[in-house]
2 protein chains.
Amino acid sequence: MARKAAKEKKRRDRPPPALRELLRVPGGGPVDLSSYDSRAVPDGPRDKAAGLAATTLLAERLAGLQDRLYAASTAGDGRRLLLVLQGMDTSGKGGTVKHVIGHFNPAGCRIRAFKAPTAEERSHPFLWRVRLALPEAGEIGIFDRSHYEDVLVARVRELAPPGEVNRRYAQINRFEQSLAETGVTLVKVFLHIGYEEQRARLLARLDNPAKHWKFSPADIDDRALWPAYQEAYELALERCNTAATPWYVVPADRKWYRNWAISGLLLEHLEALDPAYPKAGFDVGEARDKLLSMP
Amino acid sequence: MARKAAKEKKRRDRPPPALRELLRVPGGGPVDLSSYDSRAVPDGPRDKAAGLAATTLLAERLAGLQDRLYAASTAGDGRRLLLVLQGMDTSGKGGTVKHVIGHFNPAGCRIRAFKAPTAEERSHPFLWRVRLALPEAGEIGIFDRSHYEDVLVARVRELAPPGEVNRRYAQINRFEQSLAETGVTLVKVFLHIGYEEQRARLLARLDNPAKHWKFSPADIDDRALWPAYQEAYELALERCNTAATPWYVVPADRKWYRNWAISGLLLEHLEALDPAYPKAGFDVGEARDKLLSMP
């Protein structure tokens, strides 16, 4: 009994798993998505109840770190964080946005969902619209889809000549490198769902008239191209996986695990930034006296 | 006992108070802010516990209405809502943003905090930066300060010639009228706090080093100009109070009442819009069959 309690205590006291190591795509070779289990729970809570509880525990720490990040920016700290969400239809990008922002003060978040480019956007280089949507100092940016669409759907549906698509990987790497150098912490997450889970989620949309607007027959066409999309993701995850801006694969069949893992990833990155409240740039006692002496 | 239960039932079943009527600034004459009690709880819950519970009850309805508003926009409904928050320092604009977004899916919200204009913003007409920040179809916009600063601080601190400031009221009215005509429901809220409550809130900021970054000695200078600001607000509330775009005064000394009242105001406006989920633009049965027949 004492041994069991000690073991339990040890489990509780161990440092939280370094999700940054665990979920990071290893560098230096091709990526094989079929070797990743979309239903896996590789570390952390083992079931839904534990997952929800664990995520709730992270919320306050995340909110505190965001507050410090934002406060620091008012004193000249230019750092910011950008969560990039990619994944097949129904993989939970929208749900993640909703959930993640729930942790933070929304006034300090900059959310952007990238849809098929408009005529104006198409008249510019593909990174143009992305640059316009970047978070400012102290903010948390969230991209629901991103510049990666330009090497994903663009590749699969041949929206650009192959040579041009192939040049984009290096352009993305240079772009992200420059972001990293100017204080943007990128957290690039591929939400990995399984083929059967997608079918179930699409059927659920069809079975609920309040969700028909989220469905398009083109979703089925995309699903028919599943292998080509997986291949395009594998290429992006291999070619744009640098030390400064790595990719993470989050198993996304279980929403509670997805939410916990992404919350944890954000926590680890924000803790590494360790933003600090700025010192007052004025005499606090004097301000206090002045306030009290006013009529 | 039966009579008491019947009375209780009647109280529960009565329609929610029309906050739109209750809090609306009456038209047709000068506004006297000193006649508004910033600690009042003119209707609805009577204390904090009841206020928090009542606000929680509104959350689900607000989220549902927002979802329908957003869904409708995907089928061409151009309507949107814009909450404009004005008030003295510490009146709770930021707190309201945080709280209100808590009800909604943040991906469908567009938040903008207006600070002192940048050099670029100053080089344009004063409404320029406001037009750039408007919500798109289906969105809920939230302005933390707004174009009203250009007749408030601009008036009090003489940032523009008096003649120019005086012309702005009519410009604002034309601008807001055009918004209303293009499907923007404006909810303009003046967060009314008392002079003593502001002192308490500023002192609380000074007493907490984690909040020093929110404080500026200029806040005290502004406080010394309290009567001039109240007068500037009275003019704005009188001159820009039209049938299509009225002003609401929300007593804001009690945060729980402020949050309940603004949630209620938003609910009434969204219910009046009564957005509807669009009908599926495709054959649901066919899509279902196709999905099930895929390997």
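Below is a summary of the structure that appears in this document. Quick caveat: nothing in here was measured; it's all calculated off a predicted structure.

### Re the overall build of chain A
For chain A, the helix and strand inventory stands at 13 helices and 5 strands. A total of 295 residues make up chain A; the buried ones form 50% of that total. Considering only contacts within chain A whose residues lie at least 6 apart along the sequence, 82% involve residues at least 24 apart. As displayed, chain A has an accessible area near 14100 Å², and 53% of this comes from carbon and sulfur atoms. Where the 45 positive side-chain charges of chain A centre and where its 38 negative ones centre are 4 Å apart.

### A few points about the sheet that holds strand β3 (residues 140-144) of chain A
All names here are of chain A. Taken together, 5 strands build an open sheet; the order of strands is β2-β3-β1-β4-β5 and the sheet is parallel. Edge positions in the open sheet fall to β2 (109-113) and β5 (247-251), since each of these has one partner strand only. Direction aside, neighbouring strands of the sheet carry axes that sit 20 degrees apart on average. Both β2 and β3 contribute to a ladder of 5 bridges, which runs parallel. Across the sheet, residue Cys-109 finds its bridge partner in β3, namely Ile-140. Packing against the sheet, helix α4 (residues 93-103) makes contact with β1 (80-87), β2, β3 and β4 (184-192), and its axis sits at approximately 150 degrees to β1.

### Considering the nonpolar core
Of all hydrophobic cores here, the largest spans 73 residues; its most connected members are Leu83(B), Tyr148(B), Val189(B), Leu237(B), Ile262(B), Leu266(B) and Leu270(B). At 10 residues, helix α12 (residues 255-273) of chain B tops the list of elements feeding residues into this core. Residues in contact with Ile262(B), not counting those within four places in the same chain, are Leu83(B), Leu85(B), Thr96(B), Val100(B), Val189(B), Leu191(B) and Val250(B). Counting residues in hydrophobic clusters, the runner-up holds 72 residues, among them Leu58(A), Phe143(A), Trp226(A) and Ala236(A).

### As for the sheet that holds strand β4 (residues 184-192) of chain B
Residues and elements named next belong to chain B. With parallel pairing, the 5 strands of this open sheet are ordered in space as β2-β3-β1-β4-β5. The sheet is open, and its two edges are formed by β2 (109-113) and β5 (247-251), each paired on a single side. Averaged over all neighbouring strand pairs, the angle between strand axes comes to 20 degrees, with direction disregarded.

### Side note on the interface of chain B and chain A
Taken together, the contact between chain B and chain A spans 39 residues of the former and 39 residues of the latter. When chain B packs against chain A, close to 3700 Å² is buried across both sides, 72% of that on carbon and sulfur atoms. For the pair chain B and chain A, the number of links is 2 salt bridges. Between Arg288(B) and Asp207(A) there is a salt bridge, and its shortest N-O distance comes to 2.9 Å. Our count for the chain B to chain A interface comes out at 11 residue pairs in polar contact (both at pLDDT 80 or more). Among the secondary structure elements, those contributing two or more residues to the side of chain B that touches chain A are α3 (48-73), α4 (93-103), α9 (195-206), α10 (217-224) and α13 (284-293) of chain B. Counting residues per element, the side of chain B that touches chain A draws most heavily on α13(B), at 6 residues. A breakdown of the residues in the side of chain B that touches chain A according to their chemical character gives 27 nonpolar, 3 polar and 9 charged.

### Quick notes on the relation of the copies chain B and chain A
Mapping chain B onto chain A leaves a residual RMSD of 0.1 Å; the transformation is a rotation of 180 degrees accompanied by 0.0 Å of translation along its axis. The transformation just described matches what one would write down for a two-fold rotation axis. When the interface residues of chain B are mapped onto chain A, 100% of them again fall at the interface, so both copies present the same face.

### As for the packing of aromatic side chains
Enumeration over the complete set of coordinates arrives at 16 aromatic pairs over all chains. Relative to Phe282(B), the ring of Phe215(A) lies with its centre 5.0 Å away and its plane at 40 degrees, an arrangement referred to as tilted. Taken together, the residues span two chains, with Phe215(A) in the loop between α9 (195-206) and α10 (217-224) and Phe282(B) in the loop between α12 and α13. Among the residues examined, Phe282(B) registers a relative accessible area of 16% and is labelled buried. Feature note: the residues Trp256(A), Tyr257(A) and Trp260(A) constitute an aromatic cluster, connected by ring pairs.

### Digging into the environment of Trp128(B)
All names here are of chain B. By secondary structure assignment, the location of Trp-128 is in helix α6 (residues 128-132). For Trp-128 and His-147, which are 19 residues apart along the polypeptide, the C-alpha to C-alpha distance reads 9.4 Å. Filtering out sequence-adjacent residues up to four positions away, Trp-128 remains in contact with Glu-120 and Glu-121.

### Observations concerning the side chain of Arg205(B)
Residue and element names in this part refer to chain B. Among the secondary structure elements, Arg-205 is positioned in helix α9. In this structure, Arg-205 is buried with no salt-bridge partner, the nearest side chain bearing the opposite charge being Asp-219 at 4.6 Å. Beyond its immediate chain neighbours, meaning those up to four positions away, Arg-205 contacts Thr-90, Lys-211, His-212 and Lys-214.

What counts, and at which threshold
Residues numbered from 1 in each chain as written. Chains lettered and ligands numbered in written order. Predicted model: local features only at pLDDT ≥ 70, side-chain atom pairs only at ≥ 80, totals over all residues. Heavy atoms only, no water. Helix = DSSP H or I, 4+ residues; strand = E, 2+ residues; numbered from the N terminus. Buried < 20%, exposed > 50% of the residue type's maximum accessible area, 1.4 Å probe, protein only. Contact = heavy atoms within 4.5 Å. Areas by Shrake-Rupley, 256 points an atom, 1.4 Å probe, with all protein chains shown as cover. Lys, Arg positive; Asp, Glu negative; His and termini not counted. Charge placed at Lys NZ, Arg CZ, Asp CG, Glu CD. Pairing = 2+ DSSP bridges. Axes fitted to C-alpha atoms, helices over the stretch in contact; angles between N-to-C directions. Core = buried A, V, L, I, M, F, W, Y, C linked by side-chain atoms within 4.5 Å. Buried area = accessible area lost by both parts, 1.4 Å probe. Salt bridge = Lys/Arg side-chain N within 4 Å of Asp/Glu carboxyl O. Polar contact = N/O pair within 3.5 Å; in protein donor to acceptor, adjacent residues only side chain to side chain. Nonpolar A, V, L, I, M, F, W, Y, C, P; charged D, E, K, R; others polar. Least-squares fit on C-alpha atoms with pLDDT ≥ 70 in both. Phe/Tyr/Trp six-rings, centres within 6.5 Å; stacked < 30°, edge-to-face > 60°.

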